[in-house]
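Spelled out, the chains give:
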Amino acid sequence: MHREPWWASGAPRALDCPARVTGRGNHTQEARLAELEAELARARAQADAQARQLERYAADLRETFKAERRQRARLQESYKATVRALSNAVEARDAYTGHHAERVAAYGLLIARTLGARLAEDATMEFGFLLHDVGKVAVPDAILYKPAPLTDEERALMARHPVIGAQIIRGIDFLGEACQVVRHHHERWDGAGYPDGLAGRDIPLPARVFAVADTLDALTTDRPYRDATSLQTAREVIRAAAGTQFDPAIVAAFDTVPDEELERIRLETGGATAREEAAGEVGR
């Protein structure tokens, strides 16, 4: 029997099938690719939305932080104003020591910065400097204003003012470590001070800084019992007491403070002497 070749009959053969299968496979792959692209687009849109939401959250947090920082700054200024008002009320009793606390605070902060100590950034240290003599509200005027040397009994009464001052401010939370300055500002490096007889590094650092600043102001301003000394003389007195009355490291830091800075503080805070005022040297 004669048979026609398969290519002449036009009948489909098995070899035609792979082409049709391949076509369906391409269609399936394209559909799957489209689905993946759609999923990727949705994921990108979702990620973009989340990123925008995070940006809004971050912006809100920044604004909240700024608002809280402004609030803390206002609160800190309020605290400082309160402390200065109390300090001024204490000093109003004594014309000779007017602005003494303000000068000592400025001297002390300057020395602390020279030391490189982080305590210079601690507002409670400045509060302690300003309030160091708050306990003198309990000292009678007859003793506080006495131009002559104090008797032993009067001296003992005067020596109570650090303890009284510490008791006055002890319960005020925002004053923090200021209480240490108030209580220990008359301690000595050699342990011969009061009220607790602390020595060396047992004395809180802010109180050690204050001791130098306080002596500087006491020496360079007029007092009822003596005239002011020169800055150079005050430096010599303080330097001679390093290792006995004062922490040597703080005296060394004080020695590096320029005279011009100390003089500026003294004159800006009402520390001009009677001689300077009489000679018309103030403000020159």
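Here the structure is shown first, and the text comes after it.
Residues numbered from 1 in each chain as written. Predicted model: local features only at pLDDT ≥ 70, side-chain atom pairs only at ≥ 80, totals over all residues. Heavy atoms only, no water.

A. Summary view of the overall build of the protein chain. Within the protein chain, the regular secondary structure consists of 13 helices and zero strands. Listing the helices and strands of the protein chain from first to last along the sequence gives α-α-α-α-α-α-α-α-α-α-α-α-α. Of all intrachain contacts in the protein chain linking residues separated by at least 6 positions in sequence, the fraction that spans at least 24 positions is 61%. Counting every atom, the protein chain has about 17100 Å² of accessible surface; 55% of that belongs to carbon and sulfur. (Helix = DSSP H or I, 4+ residues; strand = E, 2+ residues; numbered from the N terminus. Contact = heavy atoms within 4.5 Å. Areas by Shrake-Rupley, 256 points an atom, 1.4 Å probe, with all protein chains shown as cover.)

B. Inspection of the packing of helix α3 (residues 100-115) against helix α12 (residues 259-268) at higher detail. The geometry of α3 relative to α12 is characterised by a closest axis approach of 9 Å and an angle of 160° between their N-to-C directions. The angle between the axes of α3 and α12 places the two elements in the roughly antiparallel class. α12 is crossed by α3, and the crossing has right-handed handedness. Between α3, through Arg103, Ala106, Tyr107 and Leu110, and α12, the contact on the second element is made entirely by Glu261, Leu262, Ile265 and Arg266. The residue inventory of the contact of α3 with α12, partitioned by class, reads five nonpolar, no polar and three charged. (Axes fitted to C-alpha atoms, helices over the stretch in contact; angles between N-to-C directions. Parallel < 35°, antiparallel > 145°, perpendicular 65-115°, else oblique. Left-handed = near helix turned anticlockwise from the far one by under 90°. Nonpolar A, V, L, I, M, F, W, Y, C, P; charged D, E, K, R; others polar.)

C. Geometry of the pattern of salt bridges. Tallying each qualifying case throughout the model produces 14 salt bridges. Measuring nitrogen to oxygen at the nearest pair gives 3.0 Å for the salt bridge that ties Asp190 to Arg188. Relative accessible area serves as the criterion here: at 37%, Asp190 is assigned to the partly exposed category. Take Arg188: its relative accessible area is 25%, and that puts it in the partly exposed class. Each of Arg235, Arg239, Asp255 and Asp259 takes part in salt bridges that share partners, so that together they form one network. (Salt bridge = Lys/Arg side-chain N within 4 Å of Asp/Glu carboxyl O. Buried < 20%, exposed > 50% of the residue type's maximum accessible area, 1.4 Å probe, protein only.)

D. Here's a closer look at the nonpolar core. Within the largest apolar cluster, 42 residues are counted, with the highest numbers of intra-cluster contacts made by Val212, Leu216 and Leu262. By residue number, the principal contributor to this core is α3, which donates eight residues. Apart from the residues within four sequence positions on either side, Val212 is in contact with Ile111, Ile238, Phe246, Ile250, Val251 and Phe254. (Core = buried A, V, L, I, M, F, W, Y, C linked by side-chain atoms within 4.5 Å.)

E. Structural detail: helix α11 (residues 248-255). The set of residues buried in α11 consists of Ile250, Val251, Ala253 and Phe254. Taken down its axis, α11 places every buried residue within 160° of arc, on the same side. Residues of α11 that are buried make contact with α3, α9 (205-220), α10 (231-240) and α12. (Arc of directions from axis to C-beta.)

F. Here's a closer look at the packing of α3 against α11. Contact geometry for α3 and α11: axes closest at 9 Å, N-to-C directions at 100°. Judged on the interaxial angle alone, α11 and α3 are roughly perpendicular. Only Ala249, Ile250, Ala253 and Phe254 of α11 make contact with α3, whose side of the interface consists of Ile111, Thr114 and Leu115. Along the lines of polarity and charge, the residues of the contact of α3 with α11 split into six nonpolar, one polar and no charged.

G. Inspection of unusual backbone geometry at higher detail. Each neighbour pair has its own omega, and for Tyr194 with Pro195 the value is 10°, a cis peptide bond. Its location among the elements puts Pro195 in the loop between α8 (178-184) and α9.

H. Spotlight on the environment of Pro206. In this fold, Pro206 is placed in helix α9. Taking the C-alpha atoms as reference, Pro206 lies 9.9 Å from Val182; in sequence the two are 24 residues apart. Other than its neighbours up to four places away in sequence, Pro206 contacts Leu119, Met125, Phe129 and Val181.

I. Here's a closer look at the packing of aromatic side chains. Scanning all chains against the criterion turns up two aromatic pairs. Taking the centre distance of 5.6 Å and the plane angle of 40° together, the rings of Phe129 and Phe210 count as tilted. Residue Phe129 is found in helix α4 (residues 123-130), and its partner Phe210 is found in helix α9; the two are separated by 81 residues along the sequence. A residue is classified by how much of its surface remains accessible, and Phe129, at 0% relative accessible area, is buried. Overall, Phe210 belongs to the buried group, its relative accessible area being 0%. Against the face of Phe254 rests Arg235, its NZ or CZ located 4.8 Å from the ring centre. (Phe/Tyr/Trp six-rings, centres within 6.5 Å; stacked < 30°, edge-to-face > 60°. Lys NZ or Arg CZ within 6 Å of the ring centre and 35° of its normal.)

The values are spatial; any link to function lies outside them.
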